[in-house]
Amino acid sequence: MGTNLVEIEHQYTSGVYGKRPVEIVRGQGATLWDADGRSYIDCMAGHGVANIGHGRTEIAAALAAQAQRLITCPEVVYNDVRARLLQRLAQITPEGLNNFFLCNSGTEAVEGAFKFARLATGRTGIVATLRGFHGRSMGALSATWEKHYREPFAPLIPNVSHMRYNDLTAAANAISEDTAAVIIELIQAEGGVHVAQEEYVQGLAALCRERGALLIIDEIQTGFGRTGTLFACEQYGVQPDILCLAKSLAGGVPMGAVCLGTRVMESGRIGKGAHGSTFGGNPLACAAALATLDILEQEELATRAAELGAYAQQRLRAIQSPLIREVRGRGLLIGIELTKRVQPYLEALCERGVLALPAGANVLRLLPPLVISREQLDQALDIVQEVLRGASEPLQPINAITIHNDGARPEITLLQRMLTIASLSRQESSLAHFLVEQAQQLGLHAYVDEVGNFVASTHAEPTEQAPVVLLGHMDTVPGNIPVRIEDDLLYGRGAVDAKGPLSAFICAVARIAQQSAGLQPIIVVGAVEEEAATSRGARGIIQRYQPSACIIGEPSSSRAVTIGYKGRLLINGCVAQQSSHSAGPARSSNEIAAAFWERVRRHAEEWNQQHAGSSAFAALQPSLRSIQSSHNGLEERTSFTIGYRLPPAFEIPALREQLQRWAYEDDIHIQFSGEEVAYQTTRTIPLARAFIAAIRSTGAQPTFKNKTGTSDMNVVGPHWGQNIVAYGPGDSSLDHTPNEHISLTEYTHAIDVLEHVLHTIAAQRETAL
Ligand SMILES: *Cc1c(COP(=O)(O)O)cnc(C)c1O
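Residues numbered from 1 in each chain as written. Predicted model: local features only at pLDDT ≥ 70, side-chain atom pairs only at ≥ 80, totals over all residues. Heavy atoms only, no water.

- An unreviewed UniProt entry annotates the protein chain as Multifunctional fusion protein originating from Dictyobacter alpinus.
- Regarding the protein chain, the UniProt comment filed under Subcellular location (unreviewed entry) reads as follows: "Cytoplasm".
- Listed under Subunit (unreviewed entry) in UniProt, the entry text for the protein chain is "Homodimer." (UniProt positions renumbered as here; feature names shortened; annotations may be inferred.)

### Looking at the overall build of the protein chain
- Assigned secondary structure in the protein chain consists of 23 helices and 33 strands.
- On the principal axes, the C-alpha backbone points of the protein chain span a range of 95 × 70 × 45 Å.
- Counting across all 769 residues of the protein chain, residues that qualify as buried make up 54%.
- Contacts spanning at least 24 positions in sequence make up 75% of the contacts within the protein chain whose residues lie at least 6 apart.
- Accessible area for the protein chain stands at about 33,000 Å²; split by element, carbon and sulfur atoms hold 51% of it.
- On the protein chain, the mean spot of the 64 positive side-chain charges and the mean spot of the 79 negative ones are 2 Å from each other. (Helix = DSSP H or I, 4+ residues; strand = E, 2+ residues; numbered from the N terminus. Buried < 20%, exposed > 50% of the residue type's maximum accessible area, 1.4 Å probe, protein only. Contact = heavy atoms within 4.5 Å. Areas by Shrake-Rupley, 256 points an atom, 1.4 Å probe, with all protein chains shown as cover. Lys, Arg positive; Asp, Glu negative; His and termini not counted. Charge placed at Lys NZ, Arg CZ, Asp CG, Glu CD.)

### Digging into the state of the cysteines
- Applying the stated rule across the entire model yields zero disulfides.
- Here Cys43 stays free of any disulfide, with the sulfur of Cys350 as its closest cysteine sulfur at 12 Å.
- This cysteine, Cys73, is not joined by any disulfide, and Cys286 carries the nearest cysteine sulfur, 9.2 Å off.
- With relative accessibility at 8%, the residue Cys73 sits in the buried group. (Disulfide = S-S within 2.5 Å.)

### A short note on the sheet that holds strand 3 (residues 39-42)
- Here we have four strands laid out as an open sheet, ordered 1-2-3-15, and mixed in their pairing. Looking at which strands have only one partner, the edges of the open sheet turn out to be strand 1 (24-28) and strand 15 (354-355).
- Across four bridges, strand 1 lies against strand 2 (residues 31-34) in antiparallel orientation. If you follow Ile24 over to strand 2, its bridge partner there is Asp34. (Pairing = 2+ DSSP bridges.)

### Looking at helix 11 (residues 283-298)
- In this model, helix 11 (16 residues) spans 22 Å end to end at C-alpha, consistent with the 22 Å of a helix rising 1.5 Å per residue.
- Burial analysis of helix 11 places 12 of its 16 residues in the buried class, the great majority of the element.
- For helix 11, the full list of buried residues reads Pro283, Ala285, Cys286, Ala287, Ala288, Ala289, Leu290, Ala291, Thr292, Leu293, Ile295 and Leu296.
- As for helix 11, its buried residues are in contact with helix 3 (57-69), helix 4 (80-92), strand 4 (97-103) and helix 12 (301-317). (Expected span 1.5 Å × (residues − 1).)

### Comments concerning the pairing of strand 7 (residues 179-184)
- The buried fraction of strand 7 amounts to six of the six residues, a majority that puts the element mostly inside the structure.
- Here three bridges tie strand 5 (residues 125-129) to strand 7, and the two strands are oriented parallel to one another. Directly across from Gly125, in strand 7, lies its bridge partner Thr179.
- Two strands pair when backbone bridges link them, and strand 7 and strand 10 (residues 214-218) are joined in this way by four bridges, in the parallel orientation. Along strand 10, the bridge assignment pairs Ile183 with Ile216.

### Brief notes about unusual backbone geometry
- For the peptide bond that leads from Ala154 to Pro155, omega is 0°, which places it in the cis range.
- Relative to the assigned elements, Pro155 resides in the loop between helix 7 (147-150) and strand 6 (160-163).
- In this structure, the amide linkage connecting Asp497 to the following residue, Ala498, adopts the cis form with an omega of 0°.
- Of note, Asn159 is a non-glycine position whose phi angle comes to about 70°, a positive value.
- Considering the arrangement of structural elements, one finds Asn159 in the loop between helix 7 and strand 6.
- Its identity as a non-glycine residue notwithstanding, Glu529 has a phi of 60°, on the positive side.
- Looking at where Glu529 falls in the secondary structure, it is placed in the loop between strand 23 (522-527) and helix 18 (536-539).

### What to know about the side chain of His741
- Its location among the elements puts His741 in strand 33 (residues 741-743).
- At a separation of 2.7 Å, a polar atom in the side chain of His741 contacts the main-chain carbonyl oxygen of Asn739.
- Sequence-distant contacts of His741, defined by excluding residues within four places in its chain, comprise Leu489, Leu490, Tyr491, Ala495, Val496 and Leu734. (Polar contact = N/O pair within 3.5 Å; in protein donor to acceptor, adjacent residues only side chain to side chain.)

### Description of a nonpolar patch on the surface
- Together, Leu5, Ile8 and Tyr12 make up an exposed nonpolar region whose accessible area comes to about 340 Å².
- For Tyr12, the location among the structural elements is in helix 1 (residues 3-12). (Patch = residues over 30% accessible without salt bridge, like charges linked within 9 Å, V, L, I, M, F, W, Y side chains within 5 Å. Salt bridge = Lys/Arg side-chain N within 4 Å of Asp/Glu carboxyl O.)

### Focus: the UniProt feature "modified residue: N6-(pyridoxal phosphate)lysine" (unreviewed entry) in the protein chain
- Following the UniProt record, one finds the feature "modified residue: N6-(pyridoxal phosphate)lysine" (unreviewed entry) at Lys247.
- Mapping Lys247 onto the fold places it in the loop between strand 11 (242-245) and strand 12 (256-261).
- If near-sequence neighbours (up to four positions away) are discounted, Lys247 is found in contact with His47, Gly48, Val49, Ile220, Gln221 and Met255.

### Looking at the UniProt feature "binding site: substrate" (unreviewed entry) in the protein chain
- Mapped onto the present numbering, the UniProt feature "binding site: substrate" (unreviewed entry) falls on Arg136 and Ser277.
- Mapped onto the secondary structure, Arg136 falls in the loop between strand 5 and helix 6 (138-143).
- With sequence-adjacent residues up to four places away left out, Arg136 is seen in contact with Thr107, Leu141 and Tyr149.
- Tracing the backbone through its elements, the reader meets Ser277 in the loop between helix 10 (262-265) and helix 11.

### Digging into the site of the ligand
- With respect to spatial proximity, the complete set of residues near the ligand consists of Ser105, Gly106, Thr107, Phe133, His134, Gly135, Glu185, Asp218, Ile220, Gln221 and Lys247.
- Here Asp218 contributes a side-chain N or O atom positioned 2.7 Å from a nitrogen atom of the ligand.
- Residue Lys247 places a side-chain N or O atom 2.7 Å away from an oxygen atom belonging to the ligand.
- For the ligand, the accessible surface in isolation is 380 Å², of which the surrounding protein chains cover 82%.
- Partitioning the shell around the ligand into residue classes produces two nonpolar, six polar and three charged. (Near = heavy atom within 4 Å. Nonpolar A, V, L, I, M, F, W, Y, C, P; charged D, E, K, R; others polar.)

### Re the packing of aromatic side chains
- This model, assessed by the stated rule, comprises seven aromatic pairs.
- Taking the centre distance of 5.2 Å and the plane angle of 65° together, the rings of Trp607 and Phe650 count as edge-to-face. Here Phe650 lies in the loop between strand 28 (635-646) and helix 20 (652-665) and Trp607 lies in helix 19 (residues 589-611), a separation of 43 residues in the sequence. Here Trp607 matches Phe650 in class, with each residue buried.
- Over the ring of Tyr149 we find Arg136; its NZ or CZ atom is 4.0 Å from the centre of that ring.
- Directly above the ring of Tyr311 sits Arg374, whose terminal nitrogen or CZ lies 3.6 Å from the centroid. (Phe/Tyr/Trp six-rings, centres within 6.5 Å; stacked < 30°, edge-to-face > 60°. Lys NZ or Arg CZ within 6 Å of the ring centre and 35° of its normal.)

### Observations regarding the pattern of salt bridges
- This model, assessed by the stated rule, comprises 35 salt bridges.
- A salt bridge links Arg263 to Asp241; the nearest nitrogen and oxygen atoms lie 2.9 Å apart. Highlighted residues: Arg263 in helix 10 and Asp241 in the loop between strand 10 and strand 11, separated in sequence by 22 residues.
- The salt bridge partner of Arg656 is Glu675, with a shortest N-O separation of 2.3 Å. Of the two residues, Arg656 is situated in helix 20 and Glu675 in strand 29 (residues 669-676); the sequence distance between them amounts to 19 residues.
- Since its relative accessible area comes to 35%, Glu675 is described here as partly exposed.
- One continuous salt-bridge network, built from bridges that share partners, spans Arg409, Glu411, Arg511, Asp752 and Glu755.

### Considering the pairing of strand 10
- Burial analysis of strand 10 places five of its five residues in the buried class, which makes it a mostly covered element.
- Neither face of strand 10 is left uncovered, since the one carrying Leu214, Ile216 and Asp218 and the one carrying Leu215 and Ile217 both have all their residues buried.

Right, here's the structure in full:
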C-alpha cells in the first residue's frame, strides 16, 4: 500500500468513516486496483453508484466535452443539456412522474421530498419504517431508523414516526390525518436487504391515497437497473407520488433527483422559491446522466442484473453452511444473513480480493456493478463460498481432521487443504497461518515472518551451522479451480505452481525432523509475492540466511532438476500526442508504438544471430505482452508492455540504454520494471549430485532443465552462491492454466526424493558454498 498517502489521509480526514486498509486508485468494469496493483472484484459498486462499472470512457468523454462547453449554470436560466435530461427522466420514470427537482445526493433528494410533501399536503407528519435508511442530514436522518445514526443528534425534526415494515396493520395505525407522507424503500438495502411484499406496497399506496398522504418511494439504491428492472417499483405495479433517485443516476458523478407526481404538482402549492440548490441540475452532471442512461439502455443492464442476480442467489442458496441463515434480494442487490457478525467475513473477503458490504450487523451485502462478467461473478461467489464454508468448520491441523476419502495420507490431505485456501499475491496471510499450525503439528518450529512469509525449521533457534533452505512460494496466479481428486489427479489452483512443491517440502522436512537428530538445520520458507514481479518474500530473507544449499520450490517433475532460469526485464511504454487526421502525413501513436516494437524485435533477432545459436535458453526473447490505444478526439494515446526473457550474463544496462535512446527519438515515455538477471548453476554442484543419486535410487533416470521463465532462484541466486537448484513435483506446462492439476503418485514420489536429498546434504556438515 502507498503507506504514505494512507497515513496522510488518515491524519487529515474527519474520522467519521470506518475504513478498510486498502488504497483504491483505479477501476475498470467490476475490477478495482489498489496502489500496489493488486486487483479486487468490486461487490460494493460505491454503495450502488457504479451500476455501469468503473472506467467508462463514455462518461469520461461526455464530461470532458461538457466541461469544455459549460460546467456551471444555475437553474434560474435554461440549459440545453438539462432540458434533455428532464425530458429523458420523464420518459423513463414510472407514469405520472413528470416533474423533477435536481440535486446532488440521495440525502438531498429525501430532504427535498419531505419539503415538497409538506407543501403539497399542508400536513407535517412523516411515517418511515423500521430498518429504513434515507440519509444523514437532519431531515433525512429523522426518517432513518438506526438509533446510532439518529440519537446523538436529537432533537431531530418533529412528527416523524417509524412503523413495522411489511405490516399493513401497522401502517393503518401509523398513517393519520396529519401524515404528509409515508417513505419506504422497496428493498431495505442498508437495513439488511429486506424485500417488500407486493401486497404490502400496493396496500400502502391505497392507504395513502385514502388518507390523503403521499407515498414517497426511496429508490436511491434500488434504481437504475439494480434490482432487475430500471426501477424496482415497476415490479410492484405502484406509482409513487414522489420518487427519490441518486447514486447511479449520473454514472458516478454526484447527482440526485426528486421526481414529482401529479398529486404533488396538482396541489398548486409548489411555488417559486420553495426550494433550490446551487449545484442542482448543473450541465456537467446532466451530461453524465444522459450518457449513463444511454449505457443502461444499450447494454440492457437491468435485464443483466435480473439474470445474474437470479444465478447468484441460486448459487448462494446452494452453499451448505450453518453460518448462513438466509439469502435475500432482487437482481444484483443481494443479502446473505449470517448467524454471526459479518465484519470478520468482510475482512476475509477483502484479503482474498473481494470487496463487499455489510447491511446491518450480520448481513453480508453483494452489490457489484451490473456489468460484472459471469466469470468474475463466479470467482467472487467461489470466494464467498470458501469464506463462509471455511468459517463453519474452522481450519484444523491435519492430525485432527477426519479424513473423508478413506486411506488418504496426511501428505495428500495437507496439499488438498492448501489448495482450498486462496492465496493470490499479497493475500497469502490465511494460508501462511494455516501452514504454521500444520507445521507445528508436524513437530516443526514455525511462524510467519515480518514480510508475511511462512517459515518452518527443524531447529527452534538459529545455530552456528549454515542451514539448508527450501524456498517455495505460497501465492498463485488468479483463476479459481474447484479442488477435487479424480483418480490419481488432484485439481486446484496452485497444485503445480507452487503449492505442490511447497507441500512436498514441508512433508519431507517433517519426516527428517522426526527421524534424525543432529543434522544441519533445515528451513522451509513459503514466500509471498513470487508471482508478483516484486518477489518481496524472497527479498526479505536474502540477508537472514547464508545457506549451504538451497532448493527452490518450482515444478520440474519428480525426476528432473532445474538448474537455470532466464532473466527478465519489463518495459511499459506510452505514446501520447494530439490527435491527427488519419489521412494526414503524421504518424499515429499506434504506428510509433508499432515501430518501436519492430526495432526491439529486429534488434533481438540480430543479437541472437551473433550470440545464441539455436539455444532458446541463450536467446534474447522479447514479447509484446499488451498494446492498447485510445483517443478522445483531442489526444491519442498508445500504451504497451514488452517483456524480455534474458539469457545468462546479459548486459542489462546496455539494453536499457539502447531502449531509452529509441524511446527518446520517438517521444515515447518508457519505464522499466521487474528486472532480474538470469541465474544458472551446473550439474556438478553437491546438491545436483544428491538429486541424481536420490532420483536414481527410486528407479528413475534424472534429467536437468533450464527454464525460460523466472523464479525466486533469480532473486536469491546472486546472493547465495551456486549450490542451488529448483525442484518440485508437477508438470510445469500446467502452470497458470485452467486445467492445473498434479499427479498424486508423482507428488509422493517427490517427497521421497526430497527426503533422500535432505539426508545426504544436511549430513554433509562441512559442505559450504
Ligand atoms: C445511499 C442512500 C441514501 C443517501 O444517499 P447519499 O447520496 O449518501 O446522501 C438514501 N436512501 C437510500 C435508500 C440510500 O441507499
